[in-house]
Amino acid sequence: MIRPGEVVRFLFVHQSFPAQYAHMVAHLARRPEHDVVFITAGKGPDVPGVRRVLYRPPEVRQDGAHPFVREMDHAIHRSEAIATVARSLRDLGFRPDIIIGHHGWGELLNIDSVFPGVPVLGYFEFYYGLEDRDIGFDPEFPMPQEAGLLIRCKNAINLQALAGPGKGQTPTRFQLGTYPAWAQEKITLLDEGVDLTQYRPDPSLRQKPFRLGSISVAPYETLVTYAARNLEPYRGFHSFMRSLPALMKARPDCRVILMGQEDVSYGLPPAGGGTWRQTMLRELEGKLDLSRIHFVGWLEREQMVRVLQRSDAHIYLTYPFVLSWSLREAMAVGCPLVASDTAPVREYLTHGETALLVPFLQPDAIGDAVLHLLENRTLAETLAHNVRRHAENVLDVRQYLAQYEALIGRMTGREGI
């Protein structure tokens, strides 16, 4: 238990800010007995009560090492940069009661040398493998000849983190299941929640003209939406684009808004150069009415919520890989959903009850499912109602924070944090 007047110190570490920890750091920082420090390279908006300490990420070296181990080399340099900043904090008198961070980029690999004995709670996001995961899933992008060696090298940071001190967390059963059985004992399943008061349905947006910048959608028009951090194959951008010619021909009243940047988060850039958006527009040249397709980039949270609230059909597609926040948010908003029949989507959605699940690799099936929703409003409204109720049961951020606090309490021996 926490004694009266006792300060509990939290150290968060993540290259972005506040990233996966947005809800948690804001929640912890509301209590005056909590001292929350966040080491990051990110420039996101400030969170009241959270002290942000910046570090400079090292440059990625492109020479002198095999391409398969450059990621590990970069991780070691990151860990050294984090350790340098952490030593400065230590020398100023800061000693955390727990360290919480993401293992993906190696930022925590050296933190125990600065704060020995302090509990470490690391985010374990994904363990690469050759079966039932992203590698080799899409025949359009076959496995490289040396896929086995590549995957072992990509798991090097994971394995170093698992061999280090502390425990882990992960957000879905699928992601937990990617880890070896011996490693799963170290990792707690901790479902990530959504603010159900911010992400909620608003049927009134369909009853008046909807505007987003220069885009205007009339009440009689239907709106199909798609969101991903980046427009790329891992999130089904190519399959979705290929579904559009037939869909838009069948529904001249249909507009499409695609939210996402044009970099590459996962996988490879197009072989011919440029972006995946450019690649797909070249492939589909002359087959699309581009006056009804709107690429809006990545939106601020409030704008994204409004787009989802207006959506008549939201599309979420993913390889068997890390689940996107955007799916959870679309569920909370109560979007009529068409989603890929892939793990971990099946953990959250049931075909015919909360969404229409479709084969990721079949654009015709994706388009047919969207058309079915647009033409059967009773079905769309039923799915939207059901998915919102399901989100209230499994995605409430208050439940998430309570589970998170309980895990921290067990690790620190301080219940009631």
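The structure reproduced in this document is the subject of the present report.

Rules used throughout
- Residues numbered from 1 in each chain as written.
- Predicted model: local features only at pLDDT ≥ 70, side-chain atom pairs only at ≥ 80, totals over all residues.
- Heavy atoms only, no water.
- Pairing = 2+ DSSP bridges.
- Helix = DSSP H or I, 4+ residues; strand = E, 2+ residues; numbered from the N terminus.
- Axes fitted to C-alpha atoms, helices over the stretch in contact; angles between N-to-C directions.
- Contact = heavy atoms within 4.5 Å.
- Buried < 20%, exposed > 50% of the residue type's maximum accessible area, 1.4 Å probe, protein only.
- Right-handed = clockwise from strand over helix to strand, strands pointing away.

1. Comments concerning the sheet that holds strand S3 (residues 50–54)
Taking strand neighbours across the sheet as the criterion, the seven strands line up as S3-S2-S1-S4-S5-S6-S7 in an open arrangement whose pairing is parallel. Every other strand in the sheet has two partners, leaving S3 and strand S7 (187–189) as the edge strands with one partner each. On average, each strand axis in the sheet is tilted by 25 degrees relative to the strand beside it, whichever way the strands run. With three bridges connecting them, strand S5 (residues 120–123) and strand S6 (residues 167–170) associate as parallel partners. Bridging across to S6, Gly122 finds its partner in Gly168. Sitting on the sheet, helix H2 (residues 70–91) is in contact with strand S1 (8–13), strand S2 (34–40) and S3, with an inclination near 150 degrees to S2. Taken strand by strand, helix H15 (residues 397–412) contacts S1, strand S4 (98–102), S5, S6 and S7, and its axis lies near 130 degrees from that of S4.

2. Quick word on the sheet that holds strand S13 (residues 313–316)
Through backbone hydrogen bonds, the strands of a sheet pair up, either in parallel or in antiparallel fashion. Spatial strand order, S12-S11-S10-S13-S14-S15: six strands in an open sheet with parallel pairing. Sheet topology places strand S12 (293–297) and strand S15 (356–358) at the edges, where each strand pairs with a single neighbour. Between one strand and the next, the sheet's axes are offset by a mean angle of 20 degrees, whatever the strand orientation. Packing against the sheet, helix H8 (residues 237–250) makes contact with strand S10 (222–230), strand S11 (254–261), S12 and S13, and its axis sits at approximately 165 degrees to S11.

3. Overview of the pairing of strand S14 (residues 337–340)
Where burial is concerned, the two faces of S14 agree: the one with Leu337 and Ala339 and the one with Val338 and Ser340 are both buried. When S13 meets S14, the two strands line up parallel, connected through three bridges. Opposite Tyr316, over in S14, you have Ala339 as the bridge partner. Handedness of the β-α-β unit built from S13, helix H11 (residues 325–333) and S14 comes out right-handed. Bridge count between S14 and S15: three bridges; the pairing is parallel. Paired with Ser340 across the two strands is Val358, which belongs to S15.

The values reported here are purely geometric and, on their own, carry no functional implication.
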